[in-house]
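Chain residues, written in single-letter form:
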Amino acid sequence: MGNRYRTENCGALRLSHVDKEVRVAGWIDTVRDHGGVIFVDLRDHYGVTQVVFHGDEVLEKCGKESVISVVGVVEKRDPSTVNLKIATGEVELKAESFEVLSTAERQLPFDISASKQTREEVRLKYRFLDLRNQKVHENIVFRSKVTSFVRKKMEKLGFLEFQTPILTSSSPEGARDYLVPSRKHKGMFYALPQAPQIFKQLLMTSGFDRYFQIAPCFRDEDARADRSPGEFYQIDFEMAFATQEDVFAVAEKLLYSVFKEFSDKKVSKPPFKRIPYSESMLKYGTDKPDLRNPLLIQDLSDFFKDVEFAPFKGKPVRGIVVPDCAAMSKSFFENMLEFALSIGMKGLGYLTVQPDGSYKGPIDKFLPDAKRAALKANLSLKTDDVLFFISDKPGAVDKLAGQVRTELGKRTNLIDYSRFDLCFITDFPMYGLDEETGKIEFTHNPFSMPQGEMNALLTMDPLEIKAYQYDIVCNGIELSSGAVRNHRPDIMVKAFEIAGYPKSAIEEKFSALYNAFHYGAPPHAGMAPGLDRIVMLLTGEENIREIIAFPMNSAAQDLLLGAPGSVTEQQLRDIHIKIR
């Protein structure tokens with residue numbers, strides 16, 4: 001019969017197989033004992049087949065999650081027992097003989113079908129069981145399909161796939177490095193790459209035109225729902241002789257095709273919306289705006305300059321108009337106030353527009369008639385609209401307003417969950433002020449090209465200089481950052497000098513790149529959308545660990561293999577390490 005274990009997989013049997021003898025193999029998923037007739041759902045990677053045993057020999061030899069191989073004849077199910085929820089649901093296998101390949105000897109820590117309701121610590125310790133759960137299993141298969149699709153799409157777009165080193169040098173890129181001590185070079189360390197940034201720029205300098213890689217990146221960062229601690233994967237790409245718009249065109253083709261291929265939701269059509277950073281912070285209160293939320297933030301600072309209302313005096317003020325919100329319950333407004341206090345606000349003022357055109361709310365008495373009319377005209381206020389106010393110190397007010405906007409969108413059911421809304425955030429500031437020292441510092445990738453290049457660095461206020469830096473955002477989640485790179489050593493030296501770094505610092509910390517650029521480098525640009533986050537969005541999962549085969553927990557521990565773990569004294573001696 002060919003293969004010793006199976007001639008068909010557990011998802012293959014159809015009416016066309018009726019009366020044929022086949023062999024299938026898999027895990028015992030469920031068992032139903034109907035008084036001498038045993039029904040077993042046998043599961044493998046491909047699906048489930050119902051196997052009928054006469055006699056209880058199978059129960060005597062093995063239990064759930066044991067692995068068996070069964071020989072039998074395919075029969076058509078009785079119409080009353082047809083199960084159209086599974087692909088094999090019109091047939092069943094009448095067992096003639098079976099072989100136990102492996103028994104599940106130990107008690108299962110959880111029921112496989114309910115593993116997603118089990119505590120995460122237990123799920124991750126027994127991840128090999130958790131991955132048998134159909135939904136969890138499908139997520140990992142889905143990820144593989146997305147990855148394969150991305151590779152083919154990038155190749156069609158003319159990109160070559162490269163692998164870059166995993167053992168490299170430590171680089172001050174913002175997050176903590178994972179360090180690897182050297183055995184051969186006492187007291188010296190490798191680092192795992194936070195990103196292939198230096199290498200992909202060197203590939204452009206080496207004369208390659210279009211690079212991409214499903215790149216592993218390593219950062220010693222704390223976990224979040226959308227960030228895996230330690231290790232994550234990017235669709236990393238770089239292009240020679242490219243402008244910002246060239247990068248956008250590739251990103252749009254790639255991401256639009258991925259989201260359309262793997263989702264039935266409506267997807268933003270290229271060209272994606274471009275939103276300057278300053279506009280995004282003002283209108284949405286974040287540089288990761290969720291465009292499914294129709295609420296916008298209004299700047300009311302000038303409006304309140306000559307209004308004698310102490311909480312707003314001398315501070316920036318933001319407003320958010322929520323249409324038809326006046327009918328919301330008293331608890332809605334109480335809960336919004338509670339939320340505002342929880343994020344550090346001192347309160348959350350609001351005005352309700354009455355049917356006669358007047359306002360209701362504690363701020364109303366501070367507004368002269370002319371101001372009331374101006375507010376209505378400027379914000380196009382209508383009956384039953386509610387205008388919420390946010391005021392705080394500069395720098396904090398926008399972020400607070402952004403959080404209130406998001407919460408209002410959720411609580412009023414205004415967010416359209418049937419869409420994937422993608423946009424580019426552009427024109428990030430090149431420099432900012434360190435809050436503690438007041439000194440000028442880089443706000444983003446220091447290797448980005450300043451807009452205006454050398455002329456901007458020589459003639460402009462550093463805080464006014466924008467960079468060719470950009471992010472791509474989907475539904476409020478940052479998928480990628482990228483930039484047009486600074487490929488000229490003279491501009492690099494000046495850019496770092498403004499941020500307080502001498503030329504020697506570049507020569508020491510970034511010697512390979514700085515040196516290479518002295519031998520002729522093309523203008524180049526790129527970005528690196530996060531594969532994990534894309535798959536998380538497409539599957540609708542709220543935690544990134546659900547789409548990673550063997551994730552660490554939120555404390556950066558591998559509960560399955562026991563990492564991080566202790567090592568022997570001899571291993572430490574080999575790499576010249578003594579634990580303090």
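The paragraphs below set out a description of the structure included in this document. (Residues numbered from 1 in each chain as written. Predicted model: local features only at pLDDT ≥ 70, side-chain atom pairs only at ≥ 80, totals over all residues. Heavy atoms only, no water.)

### A look at the pattern of salt bridges
Argument step 1. Scanning all chains against the criterion turns up 44 salt bridges.
Argument step 2. When the shortest N-O distance is used, the salt bridge between E252 and R274 registers 2.7 Å. One end of the pair, E252, is in helix α6 (residues 244-262); the other, R274, is in strand β12 (residues 273-276), and 22 residues separate them in sequence.
Argument step 3. Given the relative accessible area of 7%, E252 is considered buried.
Argument step 4. With a relative accessible area of 28%, R274 lands in the partly exposed category.
Argument step 5. Residues participating in the shared-partner salt-bridge network are K116, R123, R127, D130, K135, E541 and E546. (Salt bridge = Lys/Arg side-chain N within 4 Å of Asp/Glu carboxyl O. Helix = DSSP H or I, 4+ residues; strand = E, 2+ residues; numbered from the N terminus. Buried < 20%, exposed > 50% of the residue type's maximum accessible area, 1.4 Å probe, protein only.)

### Here we look at the pairing of strand β23 (residues 477-484)
Argument step 1. Within β23, six of the eight residues are buried, which leaves it mostly tucked inside the rest of the structure.
Argument step 2. With six bridges connecting them, strand β22 (residues 469-474) and β23 associate as antiparallel partners. Residue pairing across strands places I472 opposite S480, the latter belonging to β23.
Argument step 3. Where β22 folds back onto β23 in an antiparallel hairpin, the turn is made up of two residues, including N475, whose phi is positive at roughly 55 degrees. (Pairing = 2+ DSSP bridges.)

### Details of the packing of helix α4 (residues 134-156) against helix α15 (residues 531-539)
If you want to describe how two helices pack, look at the angle between their axes and the distance between the axes.
Argument step 1. Two numbers describe how α4 lies on α15: the axes approach to 10 Å, and their chain directions differ by 125 degrees. In this view, α4 runs oblique relative to α15, as classed from their interaxial angle. The two elements α4 and α15 meet at a crossing, and its hand is right-handed. When α4 is examined against α15, the residues K135, N139, F142, R143, V146 and T147 are found in contact with a partner set consisting of L531, D532, V535, L538 and T539.
Argument step 2. Here the residues of the contact of α4 with α15 are counted per class, giving five nonpolar, three polar and three charged. (Axes fitted to C-alpha atoms, helices over the stretch in contact; angles between N-to-C directions. Parallel < 35°, antiparallel > 145°, perpendicular 65-115°, else oblique. Left-handed = near helix turned anticlockwise from the far one by under 90°. Contact = heavy atoms within 4.5 Å. Nonpolar A, V, L, I, M, F, W, Y, C, P; charged D, E, K, R; others polar.)

### Thoughts on the sheet that holds strand β4 (residues 67-76)
Argument step 1. Reading around the barrel, the five strands line up as β1-β2-β3-β5-β4 and close back on themselves, with mixed pairing between neighbours. Across the sheet, the mean angle from the axis of one strand to that of its neighbour is 55 degrees, orientation sign disregarded.

### With respect to the environment of K94
Argument step 1. Tracing the backbone shows K94 in strand β5 (residues 91-102).
Argument step 2. C-alpha separation for the pair K94 and H54, spaced 40 residues apart in sequence, amounts to 8.6 Å.
Argument step 3. Those residues in contact with K94, other than ones at most four positions away along the chain, are V52, H54, V71, G72, V73 and E75.

### Concerning helix α10 (residues 397-411)
Argument step 1. Its 15 residues give α10 an end-to-end C-alpha distance of 21 Å, which sits within 8% of 21 Å, the value for a rise of 1.5 Å per residue.
Argument step 2. Inspection of α10 places V397, D398, L400, A401, G402, V404, R405, E407, L408 and G409 among the buried residues, and these make up the whole buried set.
Argument step 3. On its buried side, α10 packs onto α7 (277-284), β13 (297-299), β14 (317-322), α8 (330-342) and β17 (386-391).
Argument step 4. Among the residues trailing α10, N413 stands out with phi positive, at a value near 55 degrees. (Expected span 1.5 Å × (residues − 1).)

### Considering the sheet that holds β12
Argument step 1. Taken together, eight strands build an open sheet; the order of strands is β6-β9-β10-β24-β23-β22-β19-β12 and the sheet is mixed. The open sheet has two edge strands, β6 (160-161) and β12, and neither has a second partner.
Argument step 2. Across two bridges, β6 lies against strand β9 (residues 210-219) in parallel orientation. Among the inter-strand pairings, L160 is bridged to a residue of β9, identified as Y211.

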